[in-house]
Amino acid sequence: MTGAKVLLMMGCPEVPIQTSIALYLSHKLTKLGFDVTVAGTGAATQLLKVSDSDGYYAKKLVNLDNTLEDIIEKRADFDICFAFMHNDAGMTYAATMSAISQSKLYSIVFGRNAEALAETIEFDSEKIISTDVHNPVRLKNKLDKVVEEIVK
């Protein structure tokens, strides 16, 4: 899978661990040889730009709505998609991706209501669930295991 195109989809950055996990996952996958694009809402991308002002961890940072439009119009697609979600809006973005793309979809469901939100997923997706809000370590460890499986 090395060289595969990966999309990290970020919705509203209300829950603090999203930004650190997105930067971590982008960097880890890039170092492993994946072609990583991070797409987010305006606020999510602004947080990443401030946190990673030199673009060291997130090399390709783009607008989420424009990216979805490009996929719908067949100008772009991805092999793997990690969809961050902590609310219904994040779920909607992931469901949209499921409908318009052939990518292998991983739903990263996080926050206080993660388990209940994950139960409402009705599209084909592997679920990575963490009820954490502030401390990203448990979610990082779960993602490390997923990435190990992808690389195999």
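Residues numbered from 1 in each chain as written. Predicted model: local features only at pLDDT ≥ 70, side-chain atom pairs only at ≥ 80, totals over all residues. Heavy atoms only, no water.

Regarding the packing of aromatic side chains
Next up, step 1: The final tally for this structure, using the stated rule, is three aromatic pairs.
Next up, step 2: Taking the centre distance of 4.8 Å and the plane angle of 90° together, the rings of Tyr-56 and Tyr-57 count as edge-to-face.
Next up, step 3: Given a relative accessible area of 36%, Tyr-57 falls into the partly exposed group.
Next up, step 4: Summarising the aromatic geometry, the rings of Phe-84 and Phe-110 are spaced 6.3 Å apart at their centres and angled 75° between planes, so their arrangement reads as edge-to-face. Note that Phe-84 is positioned in strand β4 (residues 80-85) and Phe-110 in strand β5 (residues 104-110), a separation of 26 residues in sequence. Neither residue differs from the other here; Phe-84 and Phe-110 are each classed as buried.
Next up, step 5: If you follow Lys-5 out to its NZ or CZ, it ends over the ring of Phe-78, 5.4 Å from the centre.
Next up, step 6: The ring of Tyr-56 carries Lys-59 above its face, with NZ or CZ at 5.1 Å from the centroid. (Phe/Tyr/Trp six-rings, centres within 6.5 Å; stacked < 30°, edge-to-face > 60°. Buried < 20%, exposed > 50% of the residue type's maximum accessible area, 1.4 Å probe, protein only. Helix = DSSP H or I, 4+ residues; strand = E, 2+ residues; numbered from the N terminus. Lys NZ or Arg CZ within 6 Å of the ring centre and 35° of its normal.)

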